[in-house]
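The chain contents come next:
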Amino acid sequence: MEKFSIDGPGFINVTLSPDYWRSLLPEIIASGAKYGEIDLGKGQKIQIEFVSANPTGPLNVVSARAAAVGDVLVSVLNLAGFDAWREYYVNDAGRQIRLLGASVAARYATLCGHAEDVPEDGYQGEYIIDLAKEIRSELGDELMQLDAGERAEKLSQIALDKMLALHRQAMDAYRVHYDLWFRESSLRAAGKHFDVLNVLREKGLTYEKEGAVWFRSTDFGDAKDRVLITREGEPTYFLVDIAYHKDKYERGFEKIYDLWGPDHHGYIDRVSAALQALGYAKENFQVRIIQQVNMLRDGEVVKMSKRAGNIIEMREIVDEVGVDAARYFFIMRKLDSPLDFDIELAKKQTDENPVFYVQYAHARLYNIIVHGREKGVELEPDADLSVLNEPEEFAVMRKLGEYPEIIRRIAELMEPHHLTTYLIELASTFHSFYQKHRVISDDRSLSRARLVLVEATRTVIHNALGLLKITAPERM
RNA sequence: GCGCCAGUAGCUCAAUUGGAUAGAGCGUUGGCCUCCGGAGCCAAAGGUUGGGGGUUCGAUUCCCUCCUGGCGCACCA
């Protein structure tokens, strides 16, 4: 530290010495991918559940946003000292799967020459027909020999497996690799939801009304009580979901965070109520709502309607703009803000596109090091850095020093957009330096020192892009 | 009607959770390549932070109220 000063009410300014900033550079290079590591989490086990889309239809663009956000959050949390885990909840049981089976069965029967209507509340989408066609091409008409009930049951399992495989492929292509795809059916098979029901009942937190079993969630802050067992005797999605969340704690997670879509915010209080009723601390279960995505083409919002069948699928958007741009654009905004995704902009390979701005900076940095080597100036992390005295050099060093703080902020606030904002700032700070000063020149000692600055900058950009799982190109 | 979220430069968004002169990108205007990548840089213009109250040394941030937009208010998931 160089000096303290008191400047106005509430401000104490601390000036750090030039040597402090210079010493950061070899540290960054030595740390490599570990630069930015902090001990915020202290090894705490934390689970992030995200996407968890129903396997009854294709993944949409909201899932693509959630997938990018959840994936990056876990990476950042791990860097911040947590033991973080990616999980996907597969709703592979219950009413909707029966409807999936019935819908596919109707299309299948129709293809086999026995015209049948898709049930009123079934799935009408084009993809159901595709599924039916695929199944028929594999199995022929043989399922027509079963009675209608068995056929629907059989087809629901086949369709489920196929949808699930598609979802896994889409996530894989998107570079999201879950630690676990958790099956709802496994909870049901083990009767875990009935265990929950019994516990709540023993605590006197349930009652019967109009033939259904209710949970007194209002005792724990919910707006109204909720049904656990329907009049028909079926467990609700809610009951099984309580069991799922309880199971997370039983598997050793100390904190469980869910990322949900905006249409689920009314659901938060009841799950929180149930977990509190079961004795878990309120603050260990948190839900972040990820707002909607508006797809734009040439500045116009693309109208999407599930009914009309013109939804944009996750796969389509990733195929069209590429994984790098898609991930970047979906991370770019604060979770609370609706996100405008301009498809044409994401595809542009120009300065209008922030992805290319950052990737360009990395390619340029890499190239400078190559150029230095060609000129006989090797990268030496222990070079004498006292020759670095330009304001633009210190601006870059200060920016590099911010990185661990960015990691902390993202981990504490669960807001990954700070990473893309930071990358733009770092790239911009470096470009300003680069424009004004030459790295490789006749002054050997200055060249060596600046190469250290370049490599440290390259390392941080590389690390940040790594967290985003966006490629850091050596040339473009 | 009730609840959640948003409203910041012409456009798309930030602002280290209450701090200093509210910052970037795009767009506009004017400059910069004999030279490590011009996919870059510099400069200028552009703001009553949706309106109005309040809290205090200090508010984009917290509270109240109103306006606008999105979403939700199932024995669906």
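Summarised in this report is the structure supplied together with it. Every chain begins its residue count from 1, and numbering advances along the sequence as written. Chain labels run from A onward and ligand labels from 1 onward, assigned in the order the entries are written. The predicted nature of this model means local features are confined to residues of pLDDT at least 70 and side-chain atom pairs, given and counted, to a pLDDT of 80 or more, with totals for whole chains, interfaces and linings taken over all residues. The basis for the side-chain values is all heavy atoms of the structure; hydrogens and waters are excluded.

### What to know about the overall build of chain A
Secondary structure is summarised from DSSP: a helix means a run of H or I of at least four residues, a strand means a run of E of at least two, and numbering begins at the N terminus for each. Per the secondary structure count, chain A includes 16 helices and 13 strands. Overall size of chain A, expressed as C-alpha extent along the three principal axes, is 85 × 55 × 35 Å. A simple rule labels every residue: compare its accessible area, found with a 1.4 Å probe on the protein chains alone, to the largest value its type can have, and call it buried under 20%, exposed over 50%, or partly exposed in between. Here chain A holds 476 residues, and the buried ones make up 51% of them. Intrachain contacts of chain A at a sequence separation of at least 6 include 74% that bridge at least 24 residues. Per-residue accessibility takes into account occlusion by the displayed protein chains alone, with areas from the Shrake-Rupley method and a 1.4 Å probe. Accessible surface, chain A as shown: approximately 22100 Å² in total, 48% of it carbon and sulfur. A positive count includes Lys and Arg, and a negative count includes Asp and Glu. His and the chain ends are not counted in either. We put the charge of a Lys on NZ, of an Arg on CZ, of an Asp on CG and of a Glu on CD. Positive and negative charge centroids in chain A, built from 59 and 75 side chains respectively, lie 1 Å apart. Contacts: residue pairs with any heavy atoms within 4.5 Å of one another.

### Topic: the protein's contact with RNA strand B
Proximity is defined per residue: if any heavy atom of the residue lies within 4 Å of a molecule or strand, that residue is considered near it. Close contacts around RNA strand B come from 57 residues, with Gln292, Tyr360, Arg364, Asn367 and Arg438 the closest. Within 4 Å of the protein, the contacting atoms of RNA strand B are 61% sugar and phosphate, with bases supplying the remainder. Within the contact set of RNA strand B, a sugar or linking oxygen lies 3.4 Å away from a side-chain nitrogen or oxygen of Arg409. Of all the secondary-structure elements, those providing two or more residues to the surface near RNA strand B are α3 (95-111), β7 (212-215), α13 (354-374), α14 (391-413) and α15 (417-436). Think of it as three bins: nonpolar holds Ala, Val, Leu, Ile, Met, Phe, Trp, Tyr, Cys and Pro, charged holds Asp, Glu, Lys and Arg, and polar takes everything else, Gly as well. Here the surface near RNA strand B is composed, by residue class, of 20 nonpolar, 19 polar and 18 charged. We define a polar contact as two N or O atoms separated by no more than 3.5 Å, with the added condition that, inside protein, one atom must be a possible hydrogen donor and the other a possible acceptor, whereas residues neighbouring each other in sequence contribute only through side-chain atom pairs.

### Quick word on empty space enclosed by the protein
In this analysis, the protein atoms alone were mapped onto a 1 Å grid. Cavities are point sets where a 1.4 Å probe fits without being able to get out; pockets are open sets with protein on both sides within 12 Å along at least five of seven lines; lining residues have an atom within 4 Å of a point. Grid points are joined across faces, edges and corners, and a volume is the space filled by probe spheres set on the points. Within this structure, the stated rule accounts for one cavity of 30 Å³ or more. Taken as a whole, the largest cavity encloses approximately 30 Å³ of empty space. What lines the largest cavity is simply Ala170, Ala173, Met314, Arg315, Val318 and Asp319. Looking at the lining of the largest cavity, the elements with two or more residues in it are α5 (148-173) and α10 (314-321). The element that contributes the greatest number of residues to the lining of the largest cavity is α10, accounting for four residues.

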